[in-house]
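Spelled out from the first residue to the last, the chains are:
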Amino acid sequence: MSEVNPFETAQQQLDKAAKVLDLDKSVHQALREPMRTFIVNFQVKLDDGSMKTFKGYRVQYNDALGPTKGGLRFHPDETLDTVKALAAWMTWKTAVADVPYGGGKGGVVCNPKELSQAELERVSRGYIRAISNFIGPDKDIPAPDVYTNPQVMAWMMDEFSKSKGVNSPGVITGKPVEVGGSEGRGDATARGVIYTIREAAKELGIPLAEANIAIQGYGNAGYYCATLVQELLDCTVVAVSDSGGGVYNENGLDIEAAKEFKRANGSVSGFDGGEAITNQELLGLDVEVLIPAAIENALTKDNAHSVDADVVAEAANGPTTPEADDILCENGVYIIPDFLCNAGGVTVSYFEWVQNRNRYYWSKSEVYERLDKKMTKAFADVHSRAQEEGVDNRTAAYMVSIEKVAQAMKLRGWV
Ligand code: GLU
């Protein structure tokens, strides 16, 4: 997917925090690799009648704190190492958000844009059948991620339930509300991002009503970040982009019109509500908050110097390489690290799973209120740790998470 190997990034980040913590060697060693890795190849009938073999992965990184949890990506460039990295980050994410899970992640190598709906359904069902013995509500619980959505989750939940002969909504989260999904799951990741930006602005004394925001990535996370940052924080979104390019308007963009343009044309590039800019130009805009909301390695040693934002709120997983991290920190940019910033998604996934187990469902306002509490607490834990130890926020977040996971491993007698 990129030149920098995300799993090496994840390991370097862990090593850095382990050093500051003076982490026990046995714990460190155990945390550098996933506990379990599954590679599956499964056959799917295409619409033209031919059969095609697809490759899928599922990585269960660490389950000391509870069943492994994490999304599924459908991406043509998916590799085992990207999935391993994402599974590691889920381990730290569930720990920092204080939800009783370990970390996992999965992916299928495919391009959903080239599949019909019927083919997408057969790929979704085929993948779940292939991993059905390794997942379950008490084992490993998938969820949506890049290019997967609530409909895909519904097919997967149905396939798992049928194969086991049980009605098992808790095997997967991010489902449509009609089949056991939670209110508020759709925009939960973005909502969590917004809560952390609000908390960071309080700490840094940034008046949000006067703040400009640039967002790289206009998928689920990026679009909802754009709407909510205006709705909840009164900020102005001056630029958005996707893999096709971006658009900039110093007076603020019409978010809904940009979304409609992308739906019709496949990209926000060419949207006439502002002037055209490249992704690189967007990353270098003079704004209060920059939100990378696409995929990993957006900020590298080649472009980190150009970042002119006060705050980088990492809605994406792994958007900053370790070299870029050093540059941003040297330049005094306040980073809200990915597994803290975007933990809202898995937090509401946890709420969904709790509701599934109790067969008792909550209102949207109840979900939002509980999410706000969890995100605010997670932010405060990381921010204060960074201040106390004199380390950057990412290292502080790692320290908070590693301690929780390590303690659970010790109590279980693993290390
Ligand atoms: N895929 C999302 C993430 O990276 C959500 C995971 C989940 O809900 O389990 O955090």
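Everything numeric here is computed off the predicted structure, so don't read it as measured data.

**Student:** Explain the pairing of strand β6 (residues 212-216) here, please?
**Tutor:** Moving residue by residue along a regular strand, the side chains alternate between the two faces of the sheet. Counting buried positions along β6 yields 4 of 5 residues, so the element is predominantly enclosed. Running through helix α7 (residues 220-233), the crossover from β6 to the neighbouring parallel element strand β7 (residues 236-242) is right-handed. The sheet contact formed by β6 and strand β10 (residues 289-292) spans 4 bridges and is parallel. Note that in β10 the partner of Gln-216 across the bridge is Pro-292.

**Student:** How should the site of the ligand be read in this particular structure?
**Tutor:** Neighbouring the ligand are 14 residues; Lys-69, Lys-93, Pro-144, Asp-145 and Ser-349 lie closest to it. Take Pro-144: an N or O atom from its main chain is 2.9 Å from a nitrogen atom of the ligand. Between Arg-185 and the ligand, the recorded distance is 3.1 Å, taken from a side-chain N or O atom to an oxygen atom. Isolated, the ligand exposes 290 Å² of accessible area, and the fraction of that covered by the protein chains is 95%. Of all elements in the fold, only β3 (68-74), α3 (80-97), β5 (140-144) and α12 (344-358) reach the threshold of two or more residues within the shell around the ligand. Residue composition of the shell around the ligand, by class: 4 nonpolar, 5 polar and 5 charged.

**Student:** Sorry if this is basic, but what is going on with the sheet that holds β10 here?
**Tutor:** Backbone-to-backbone hydrogen bonds pair the strands of a sheet. The strands run either parallel or antiparallel. Strand order in the open sheet formed by 7 strands is β9-β8-β7-β6-β10-β11-β12, and the pairing between neighbours is mixed. Single-partner strands in this sheet number two, and they are β9 (275-277) and β12 (334-336). Adjacent strand axes in the sheet meet at a mean angle of 20° when their direction is disregarded. Where strand β11 (residues 311-313) lies against β12, 3 bridges are found, and the strand directions are parallel. For Val-312, the partnering residue across the bridge sits in β12 and is Ile-335. Sheet contacts for helix α6 (residues 188-204): β10, β11 and β12; angle to β12, the most-contacted strand, approximately 150°. The strands touched by α7 within the sheet are β6, β7 and β10, with β6 carrying the most contacts at an inclination of about 170°.

**Student:** Would you take a moment to explain the packing of helix α1 (residues 6-21) against helix α14 (residues 393-412) for this structure?
**Tutor:** Helix-helix packing: each pair is described by the crossing angle between the helix axes and the interaxial distance. Remark: α1 packs on α14, axes separated minimally by 9 Å, with the N-to-C direction vectors making an angle of 75°. When the axes of α1 and α14 are compared, the pair comes out roughly perpendicular. Of α14, the residues touching α1 (which contributes Ala-10, Gln-13, Leu-14, Lys-16, Ala-17, Val-20 and Leu-21) are Arg-394, Thr-395, Tyr-398, Met-399, Ile-402 and Glu-403. A per-class count over the contact of α1 with α14 returns 8 nonpolar, 2 polar and 3 charged.

**Student:** Teacher, can you tell me more about the packing of aromatic side chains here?
**Tutor:** Any two aromatic rings considered together are summarised by their centre-to-centre distance and by the angle between their planes. Inspection of every chain in the model, using the stated rule, returns 13 aromatic pairs. Between Phe-261 and Phe-271, the aromatic rings sit 5.7 Å apart at their centres with planes inclined by 55°, giving tilted as the arrangement. A residue pair is termed long-range when its members are at least 10 positions apart, and Phe-261 in helix α8 (residues 255-265) and Phe-271 in the loop between α8 and β9 qualify at 10 residues. Residue Phe-261 is classed as partly exposed on the basis of its relative accessible area of 22%. Joined through ring pairs, the aromatic side chains of Tyr-101, Tyr-350, Phe-351, Trp-353 and Trp-362 make up one cluster. Directly above the ring of Tyr-223 sits Lys-259, whose terminal nitrogen or CZ lies 4.4 Å from the centroid.

Reading the values: rules and limits
What you see as residue numbers is a count from 1 along each chain, following the sequence as written. Totals for whole chains, interfaces and linings use every residue, but because this is a predicted model, local features are given only for residues with pLDDT of at least 70 and side-chain atom pairs only at 80 or more, for both listing and counting. Remark: hydrogens and water are excluded; side-chain values derive from all non-hydrogen atoms of the structure. Burial classification: accessible surface area is computed with a 1.4 Å probe over protein chains only, and a residue below 20% of its type maximum counts as buried, one above 50% as exposed, and the rest as partly exposed. Strands are runs of DSSP state E lasting at least two residues, helices are runs of H or I lasting at least four, and both sets are numbered from the N terminus onward. For the handedness criterion, the strands are oriented away from the viewer, and a crossover whose path from the first strand over the helix to the second runs clockwise is classed as right-handed. A pair of strands is treated as paired once DSSP finds two or more bridges between them. Any residue with at least one heavy atom within 4 Å of a molecule or strand is counted as near it. Pairs of N or O atoms within 3.5 Å make up the polar contacts considered here, provided that, within protein, one atom can donate a hydrogen while the other can accept it, and that residues adjacent in sequence are counted only when both atoms are side-chain atoms. Here, Shrake-Rupley sampling with a 1.4 Å probe gives the accessible areas, and only protein chains in the shown set may cover a residue. Classification convention: Asp, Glu, Lys, Arg as charged; Ala, Val, Leu, Ile, Met, Phe, Trp, Tyr, Cys, Pro as nonpolar; all other residues, Gly among them, as polar. Every angle, taken between N-to-C directions, lies between 0 and 180 degrees, and every axis is a line fitted to C-alpha atoms, over only the stretch in contact when it is a helix. Pairs of residues are marked as contacts when any of their non-hydrogen atoms sit within 4.5 Å. Put simply, angles under 35 degrees are roughly parallel, angles over 145 are roughly antiparallel, angles from 65 to 115 are roughly perpendicular, and the rest are oblique. Pairs were defined over the aromatic rings of Phe, Tyr and Trp, the Trp ring being its six-membered one, requiring ring centres within 6.5 Å. Orientation was assigned from the angle between planes: stacked under 30 degrees, edge-to-face over 60, tilted for the rest. In this scheme, Lys NZ or Arg CZ marks a charge over a ring once it lies within 6 Å of the ring centre and within 35 degrees of the ring normal.

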